[in-house]
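Chain by chain, the residues:
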Amino acid sequence: MEKHILFGIHLTDRFNNAVKLQEVFTEYGCNIKTRLGIHEVTKDRCATNGLILLEMCGDENKIFEAEKRFAAVPGVEIQKMVFTH
């Protein structure tokens, strides 16, 4: 049975924590099928918080290992959705 595994990552203090999170994205890049980043930007302001949606692929053990690594980054809250066919 094929599964679709998605992570929602809320990152606080993007300016200090985004580099650490990007390092984990790079490490598990072959398991990230889709990545969408959202943060509020206006002419006068760039939000310090961000939301990243990830569609994962590949070995489930590797995916859940990545989940633990994402969660270990300062300022990260992570939620998981798993859809089965």
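Residues numbered from 1 in each chain as written. Predicted model: local features only at pLDDT ≥ 70, side-chain atom pairs only at ≥ 80, totals over all residues. Heavy atoms only, no water.

Visitor: Sorry, what's going on with the environment of Gly 50 here?
Guide: Looking at the secondary structure, you find Gly 50 in strand β3 (residues 50-56). Residues within four places of Gly 50 in sequence aside, it is in contact with Ile 9, His 10, Leu 11, Arg 14, Ile 38 and His 39. (Helix = DSSP H or I, 4+ residues; strand = E, 2+ residues; numbered from the N terminus. Contact = heavy atoms within 4.5 Å.)

Visitor: Is there a simple way to think about the pairing of β3 in this case?
Guide: For a regular strand, side-chain orientation follows a simple rule: the groups alternate between the two sheet faces. By the criterion of burial, β3 is predominantly enclosed, with five of the seven residues buried. Inspection of the sheet shows strand β1 (residues 3-11) paired to β3 by seven bridges, in the antiparallel sense. Within β3, the residue paired with Ile 5 across the bridge is Met 56. (Buried < 20%, exposed > 50% of the residue type's maximum accessible area, 1.4 Å probe, protein only. Pairing = 2+ DSSP bridges.)

Visitor: Would you take a moment to explain helix α1 (residues 14-27) for this structure?
Guide: For α1, spanning 14 residues, the distance from its first C-alpha to its last is 19 Å, which sits close to the expected 20 Å at 1.5 Å a residue. Arg 14, Asn 17, Leu 21, Val 24 and Phe 25 are the residues of α1 that are buried. Where the residues of α1 are buried, they touch β1, β2 (32-38), β3, α2 (60-71) and β4 (76-84). (Expected span 1.5 Å × (residues − 1).)

Visitor: It is not clear to me how the environment of Asn 49 should be interpreted in this structure. Could you clarify?
Guide: Within the secondary structure, Asn 49 is located in the loop between β2 and β3. Remark: the alpha-carbon pair of Asn 49 and Val 76, spanning 27 residues in sequence, is separated by 10.0 Å.

Visitor: Is there a simple way to explain the packing of aromatic side chains in this structure?
Guide: How two aromatic rings sit relative to each other is set out by the distance from centre to centre and by the angle between their planes. Tallying each qualifying case throughout the model produces two aromatic pairs. Summarising the aromatic geometry, the rings of Phe 7 and Phe 70 are spaced 6.2 Å apart at their centres and angled 75 degrees between planes, so their arrangement reads as edge-to-face. Here Phe 70 lies in helix α2 and Phe 7 lies in strand β1, a separation of 63 residues in the sequence. Look at Phe 70 and you get buried, because its relative accessible area is 0%. (Phe/Tyr/Trp six-rings, centres within 6.5 Å; stacked < 30°, edge-to-face > 60°.)

Visitor: Even after reading the chapter, I still don't get the sheet that holds β2, so can you show me in this structure?
Guide: Working definition: the strands of a sheet are paired by backbone hydrogen bonds and lie parallel or antiparallel to each other. The antiparallel open sheet is built from four strands, whose spatial order is β2-β3-β1-β4. Strand pairing shows two members of the sheet lacking a second neighbour, β2 and β4, which therefore form its edges. If you compare each strand with its neighbour and ignore which way they point, the axes differ by 15 degrees on average. Its contacts with the sheet put α1 on β1, β2, β3 and β4, and the angle it makes with β1 is roughly 155 degrees. Most of the contacts of α2 go to β1, to which it runs at about 10 degrees, and overall it touches β1, β2, β3 and β4. (Axes fitted to C-alpha atoms, helices over the stretch in contact; angles between N-to-C directions.)

Visitor: What is the right way to read the pattern of salt bridges from this model?
Guide: Close approach of charged atoms lets side chains of opposite charge pair. This model, assessed by the stated rule, comprises four salt bridges. Notably, a salt bridge pairs Arg 69 with Glu 27, separated by 2.6 Å at the nearest N-O pair. With Arg 69 in helix α2 and Glu 27 in helix α1, this pair connects stretches of sequence that are 42 residues apart. On the basis of relative accessibility, which here comes to 46%, the residue Glu 27 falls in the partly exposed class. With its nearest N and O atoms 3.8 Å apart, the salt bridge here joins Glu 65 to Lys 62. Of this pair, Glu 65 and Lys 62 both sit in helix α2, separated by three residues, roughly a single helical turn. (Salt bridge = Lys/Arg side-chain N within 4 Å of Asp/Glu carboxyl O.)

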